Amino acid sequence: MADDGSTAVIGTDGMAALIRVLAARGRTVIGPTVRDGAIVLAEIADGDELPYGWGVELEAGHYRLRPREDGAAFAHSAGPQSWKTFLLPQRERQWTADRGADGAMTVTEDDTPPASYAFLGVRPCDLRAIAVQDRVLSGGPHTDSRYRARRERAFLVAVECTEPGATCFCTSMGAGPAAEPGYDLALTEVVDDGGHRFWARAGSEEGASVLAELPRTPTDGATETAARERVAEAADRMGRSMPPVDLQILMRDTLHADRWNDVASRCLTCGNCTMACPTCFCTTAEDVTDLTGDHAERWRRWESCFDLEFSHLPGGPVRACGHSRYRQWATHKLGTWYDQFGSSGCVGCGRCIVWCPVGIDITEEAHALNDERAAGAARGEAL
Ligand code: SF4
Ligand code: SF4
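All of these numbers come straight from a predicted model, not from anything done at the bench.

Conventions used here
- Residues numbered from 1 in each chain as written.
- Chains lettered and ligands numbered in written order.
- Predicted model: local features only at pLDDT ≥ 70, side-chain atom pairs only at ≥ 80, totals over all residues.
- Heavy atoms only, no water.
- Near = heavy atom within 4 Å.
- Nonpolar A, V, L, I, M, F, W, Y, C, P; charged D, E, K, R; others polar.
- Domains from an automatic or database assignment.
- Contact = heavy atoms within 4.5 Å.
- Buried area = accessible area lost by both parts, 1.4 Å probe.
- Salt bridge = Lys/Arg side-chain N within 4 Å of Asp/Glu carboxyl O.
- Polar contact = N/O pair within 3.5 Å; in protein donor to acceptor, adjacent residues only side chain to side chain.
- Helix = DSSP H or I, 4+ residues; strand = E, 2+ residues; numbered from the N terminus.

### So, the site of ligand 1
Lining the immediate environment of ligand 1, one finds 13 residues, of which Cys267, Leu268, Cys270, Cys273 and Cys356 sit closest. By residue class, the composition of the shell around ligand 1 is 10 nonpolar, 3 polar and no charged.

### Overview of the domain arrangement of the protein chain
Here the domain parsing of the protein chain yields domain 1 (7-235) and domain 2 (247-378). Of note, the centres of domain 1 and domain 2, computed from C-alpha atoms alone, are 26 Å apart. Taken together, the contact pairs 42 residues of domain 1 with 38 residues of domain 2. Buried surface at the junction of domain 1 and domain 2, both sides included, amounts to about 3,600 Å², of which 59% is carbon and sulfur. Three residues stand out in domain 1 for area buried against domain 2, namely Lys84, Arg91 and Phe169, and they jointly supply 17% of the buried area on that side. The tally of links from domain 1 across to domain 2 stands at 6 salt bridges. In this structure, the salt-bridge partner of Asp126 is Arg351, at a minimum N-O distance of 2.7 Å. In this assembly, domain 1 and domain 2 are joined by 27 residue pairs in polar contact (both at pLDDT 80 or more). Secondary-structure elements contributing two or more residues to the side of domain 1 that touches domain 2 are strand E4 (54-59), strand E5 (62-67), helix H2 (84-87), strand E6 (91-99) and helix H3 (124-138). Across the side of domain 1 that touches domain 2, the residue classes tally to 19 nonpolar, 11 polar and 12 charged.

See the structure below:
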């Protein structure tokens, strides 16, 4: 690749410098770090805080840290949080209202300046998830101004996936393991006899100017080849896959499948899957007052379609049973999201599988629905 400054190789010193350079530009740097037995996303100030030497062991309803001998920092798949934690916070005050001495109410919109984030370690599936939320929250005529303000200021450092987890299926969803455009900088981690290093590519002007400030060497053939090979190998090592059919049509064809009863018998309707999912965006409003009634606040907080109140109308909840709530969630993710937003609502990160307390697996459910549809077709019956 030509050495035009848009690509380079950086070492672990360059990674530490990247954090310092982004912070010096006024950004709050958020990256992966080990905390409370998990790799979480948190503000970091130093390269030492990255999870060097830690990987994860994933299965349905199962997450464990495991040490790695190679010392890699990004050889772990999606953790319990996603970047929506920062772009669309779990709880956010919208406005306050105060009663003055004359009894008149004054409403003040919360105008806290949006944070200017640098996200370090955005996996390709999560890069896609951010693009999905961009379309939902700022792509149409009804824009979420707070989301958009944070998003416009965000600097994204993607790190390509070289170590998919047992619950990952981004390849099935066309969302990884290589990073698609949308990043400011993309990195691919390589640890081999040539050392521990990152192949870096700029995806924006600011990305190029940040890269120019880092200790670096020109891209060499051995590093580029090793980086490309590791990403290609990762595509073949996904732990899960979706059935190779049109999932939108599968969801449409199986609305009355027996499998929904089966999954409903296991689902706790706890909503963990929606909280962990990087594309779920539903929120609700909560109004609170102090004891005097002179001060009130409106807060926005995440909401889940598994919550009974979510579909509450004057006659009661529209989706009163677990069957209809799980079906609503899965068919929206894999089917009707296309009708609303022109893409799948699932990026194959596997979080909903890992963080489901009873290990319900959306890929297993899709395979079961596909099998039930095929069995029905073999009998000449539509579901
Ligand atoms: S699928 Fe799992 S995580 Fe989601 S609501 Fe049901 S039990 Fe909870
Ligand atoms: S539905 Fe599950 S696998 Fe798909 S994006 Fe959401 S959390 Fe990830």
